[in-house]
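# Remarks on the overall topology
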Amino acid sequence: MKPAPLAVKPAPLAPSSTRRSGRGRRGQRTAAALLIGPFVLLFLAVMVVPIGYAAYLSLFREQSSGLGFGGTQTLFSGIDNYVRALTVPALQTGFLHIAAYCAVYIPVMIGGALVLALLIDSTLARAKRFFQLAAFLPHAVPGLIAAIIWVFLYTPGLSPIHQFLDWAGAKADFFGDDAILFSMANATAWQWIGYNMVIFYAALQAIPRETLEAATVDGSGAVRTALSVKLPMIRSSVVLTTLFTCIGAIQLFTEPETFRYDATGLSPEWSPTMFIYQAAFSKHDYGIAAAASLILALLGALLSFVVTRLGNRWKEA
């Protein structure tokens, strides 16, 4: 008669191993907190707190009494500041100005950056590093300095551009009502087109060389390869750059604020950001300035959503 087999019980996990694994998880959580902590604090300080304070200011208004000699009172107004901001003709006109500006600026910016990136990426290009640096250098110039440079270049009697036009027997008024929109778009594109070109060029460098060689073997020329192979493969970068360009365009402030001293067609409230600046620091109406700021932020979020959805549909197509 065979003896019954002994039941083998699994050995319990050593307590020391459990303690080590627990300490390892706690160490990972601590390291993650230390790495993420500075970002969270900075995000709260420069994003959440200012937006929360703006939302608080937008719910109140200041009212003077006694012909201005009795001081001011802060009164709760609810959504009245938002209604006032949306019905002010100056802000409505400012949004129309920005829409016209975007219609000129965004195609020039994205199209120009793409053309430069494709030209530098082509097999016929020489001195690629030099042309990358030359195109990117204007972005290193601060925005205000760049605007002042273009004011000089647009001013008759000072500008070499006007001297050349006089020599050629032509005239141009870059500050005129019909040209000022294109003048501002040109100044902004000059500063940012090289930055976007670097993004597109980096995306082009990530395309597998085998794919480009296969297109060449199939008989595709340089232009056909650029349009049918390269552009579809960097569409994510194009969508992202278009999104950033749209958000930056609706915040236009430096160029119109600098040009308006020479261009009679630019009012102090020409763009939404200029309207907000005048409301806050000239009229001291912080309630309507805060409300207009939040409306502009919501518009930026809406543009982000629209551009992202259109980009996703482009990818699917």
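Reading guide: rules and limits
Residues numbered from 1 in each chain as written. Predicted model: local features only at pLDDT ≥ 70, side-chain atom pairs only at ≥ 80, totals over all residues. Heavy atoms only, no water. Helix = DSSP H or I, 4+ residues; strand = E, 2+ residues; numbered from the N terminus. Buried < 20%, exposed > 50% of the residue type's maximum accessible area, 1.4 Å probe, protein only. Core = buried A, V, L, I, M, F, W, Y, C linked by side-chain atoms within 4.5 Å. Contact = heavy atoms within 4.5 Å. Phe/Tyr/Trp six-rings, centres within 6.5 Å; stacked < 30°, edge-to-face > 60°.

In terms of helices and strands, the chain carries 13 helices and two strands. Put simply, the chain has 317 residues, and 35% of those count as buried.

Moving on to unusual backbone geometry. Non-glycine residue His 284 carries a positive phi angle of around 55°. Relative to the helices and strands, His 284 is located in the loop between α12 (272–281) and α13 (286–316).

Within the largest apolar cluster, 65 residues are counted, with the highest numbers of intra-cluster contacts made by Tyr 101, Tyr 105, Met 184, Ile 234 and Phe 259. Contributions of two or more residues to this core are made by α3 (89–121), α5 (143–154), α7 (180–205), α8 (209–217), α9 (222–233), α10 (235–249), α12 and α13. In terms of residue count, the dominant contributor to this core is α3 (14 residues). Once residues lying within four places of it in the same chain are set aside, the contact partners of Ile 234 are Leu 114, Ala 203, Leu 204 and Ile 207.

This part covers the packing of aromatic side chains. Where two aromatic rings form a pair, the distance of their centres and the angle of their planes describe that pair. As enumerated under the stated definition, the model contains 16 aromatic pairs in all. Considering the side-chain rings of Phe 39 and Phe 43, the 6.0 Å spacing of their centres and the 25° angle between planes classify their relative orientation as stacked. Of this pair, Phe 39 and Phe 43 both sit in helix α1 (residues 15–57), separated by four residues, roughly a single helical turn. Overall, the relative accessible area of 56% leaves Phe 39 in the exposed class. Relative accessible area serves as the criterion here: at 38%, Phe 43 is assigned to the partly exposed category. With a centroid separation of 5.2 Å and an interplanar angle of 50°, the aromatic rings of Tyr 277 and Phe 281 are classed as tilted. In this pair, Tyr 277 and Phe 281 are both assigned in helix α12, four residues apart and thus about one turn of the helix distant. Among the residues examined, Tyr 277 registers a relative accessible area of 36% and is labelled partly exposed. What makes Phe 281 exposed here is its relative accessible area of 56%. Following the ring pairs from residue to residue traces out a cluster consisting of Trp 150, Tyr 154, Phe 174, Phe 175, Trp 190 and Phe 259.

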